[in-house]
Amino acid sequence: MASDYGVKSFQKIMTILECFSTVDRSLSVSEIAERSGLPRSTAHRLVLSLRQIGLLDQDGNRLEYRLGLKLFELGTAVLINMDIHREGRTFVELLGQATGESVHLCVFDGWRMSFVERVLGGRSGPNNSTIVMESSPCHCTGVGKAALSFQEERVIDRICGLGLPAYTRNTITDPTALRAELARIRERGFAIDNGEMEANVRCVAAPIRNSSGRVFAAISVSGPDRRITEERALELAPKVIEHADLVSVRLGWQPPKPARGRGRPPATVATTG
């Protein structure tokens, strides 16, 4: 019974932390209680406890709270120590060499895509750099759509509920259109960003899985659309998928054998957000 109580307490804490996002950066106790479904007294007690240990900070006006720097420190440590940070680097470099284009490897944090590794191609030349805690949206990037397409419906609902801001005239801003796009990505196994985040830039991305088959990251090749045409994007897709699968295998994923006469098996849809 004590164990069950502890689990329920942690669930309540996670419910409170998940109330915040890049859109809802500061919330009052009343707003937290409403979003979490917790009684206001319970929300207030937990908020004070989270503030004491640095997981929440109080705004200057003393009426609202925001995620604390302790979470940033923990998140940075997680990224640095993740197996994908170590295992993915080689394949990022190989994919960059094979395509001559920029390559990005990103992790889905439940809201956005956090960069882990990248190689700059084209005129920038072969330049490898590690990025920690730099992030990008899910709905308008190749890596974001590749990862989001294999998440649970409640996660997709949450992303759509935050709003789908337009970054270019090609950005998908309608939830129904985005869901249709995600369904196509699940079917073919890769995503294409047609200048949706940055004008005149095209990107091809594929999902990366952990040992249980859950999609939690993605890798992409990107460059100017004059160089990565629609035709070349389709030609690059199998190579991007191949490198994504190689990273997944290094992380312990065992791809299921396709049935005779069938194509590549689909990735496993996430069971947690």
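Residues numbered from 1 in each chain as written. Predicted model: local features only at pLDDT ≥ 70, side-chain atom pairs only at ≥ 80, totals over all residues. Heavy atoms only, no water.

Chemist: Could you give an account of the packing of aromatic side chains, with specific residues and numbers?
Modeler: All chains considered together, the criterion is met by zero aromatic pairs. The cationic tip of Arg188 hangs over the ring face of Phe190; the distance from NZ or CZ to the ring centre is 4.6 Å. (Phe/Tyr/Trp six-rings, centres within 6.5 Å; stacked < 30°, edge-to-face > 60°. Lys NZ or Arg CZ within 6 Å of the ring centre and 35° of its normal.)

Chemist: Report on the pairing of strand S4 (residues 102-108), specifying residues and quantitative values.
Modeler: Among the seven residues that make up S4, seven are buried, leaving the element largely enclosed by the rest of the structure. Relative to strand S10 (residues 215-224), S4 is paired through six bridges, and the arrangement is antiparallel. The residue of S10 that forms the bridge with His104 is Ser220. Where S4 lies against strand S5 (residues 113-120), six bridges are found, and the strand directions are antiparallel. When the bridges of S5 are listed, Val107 appears paired with Ser114. Counting the residues that bridge the hairpin from S4 to S5 gives four residues, and of these Gly110 lies at a positive phi of roughly 100°. (Buried < 20%, exposed > 50% of the residue type's maximum accessible area, 1.4 Å probe, protein only. Helix = DSSP H or I, 4+ residues; strand = E, 2+ residues; numbered from the N terminus. Pairing = 2+ DSSP bridges.)

Chemist: Got a sec to walk through the packing of helix H5 (residues 83-99) against helix H9 (residues 230-250)? Specific residues and values, please.
Modeler: Interaxial distance between H5 and H9 falls to 9 Å at its minimum, and their mutual angle equals 155°. Viewed along their axes, H5 and H9 adopt a mutual orientation that is roughly antiparallel. Seen along the crossing, H5 lies across H9 with a hand that is right-handed. On H9, the residues touching Ile84, Glu87, Gly88, Phe91, Leu94, Leu95, Ala98 and Thr99 of H5 are Arg232, Leu236, Lys239, Val240, His243, Leu246, Val247 and Arg250. (Axes fitted to C-alpha atoms, helices over the stretch in contact; angles between N-to-C directions. Parallel < 35°, antiparallel > 145°, perpendicular 65-115°, else oblique. Left-handed = near helix turned anticlockwise from the far one by under 90°. Contact = heavy atoms within 4.5 Å.)

Chemist: So what about the environment of Glu153? Which residues, and what values?
Modeler: Position of Glu153 among the secondary structure elements: in helix H7 (residues 153-161). The class for Glu153 is partly exposed, based on a relative accessible area of 46%. Along the primary structure Glu153 and Arg179 are separated by 26 residues, whereas in three dimensions their C-alpha atoms are 9.7 Å apart. Within the structure, the side chain of Glu153 is placed 3.0 Å from the side chain of Arg179, a separation counted as a polar contact. (Polar contact = N/O pair within 3.5 Å; in protein donor to acceptor, adjacent residues only side chain to side chain.)

Chemist: Quick one: what's the story with the pattern of salt bridges, residue by residue and with numbers?
Modeler: According to the stated counting rule, one finds eleven salt bridges in the structure shown. Here Glu87 ties to Arg86 by a salt bridge, and the two come within 4.0 Å at their closest N and O atoms. Residue Glu87 is classed as buried on the basis of its relative accessible area of 15%. The class for Arg86 is exposed, based on a relative accessible area of 52%. The residue Lys145 makes a salt bridge to Glu181 at a minimum N-O spacing of 3.1 Å. Of this pair, Lys145 sits in helix H6 (residues 142-148) while Glu181 sits in helix H8 (residues 175-188); the two residues are 36 residues apart in sequence, bridging distant segments of the chain. (Salt bridge = Lys/Arg side-chain N within 4 Å of Asp/Glu carboxyl O.)

Chemist: Could you give an account of the sheet that holds strand S3 (residues 64-67), naming the residues involved and the relevant values?
Modeler: If you trace the three strands from one edge of the open sheet to the other, you get S1-S3-S2, paired in antiparallel fashion. Edge strands, defined here as strands with exactly one partner in the open sheet, are strand S1 (27-28) and strand S2 (56-58). Relative to S3, S2 runs antiparallel, the two being bridged by three bridges. Bridge pairing in S3 links Leu56 to Leu67. Here helix H3 (residues 40-52) sits on the sheet and contacts S2 and S3; the angle it forms with S2, its principal contact strand, is near 95°.

Chemist: Break down H5 for me, with residues and values.
Modeler: For H5, with 17 residues, the first-to-last C-alpha span of 24 Å sits near the 24 Å given by 1.5 Å per residue. The sharpest bend along H5 measures roughly 35° and falls at Arg89. Among the residues of H5, Ile84, His85, Glu87, Gly88, Phe91, Val92, Leu95, Gly96 and Thr99 are the ones counted as buried. Looking one or two places after H5, you find Gly100, whose phi comes out positive at around 75°. (Expected span 1.5 Å × (residues − 1). Bend = angle between axes of the 7 residues up to and from the residue.)

Chemist: Could you give me a rundown of the environment of Val204, with the residues and numbers involved?
Modeler: Among the structural elements, Val204 can be located in strand S9 (residues 201-209). Relative accessible area serves as the criterion here: at 0%, Val204 is assigned to the buried category. Separated by 29 residues in sequence, Val204 and Ala233 have C-alpha atoms that sit 6.3 Å apart. Sequence-distant contacts of Val204, that is, excluding residues within four places in its chain, are made with Phe190, Ala191, Ile219, Ser220, Val221, Ala233, Ala237 and Val240.

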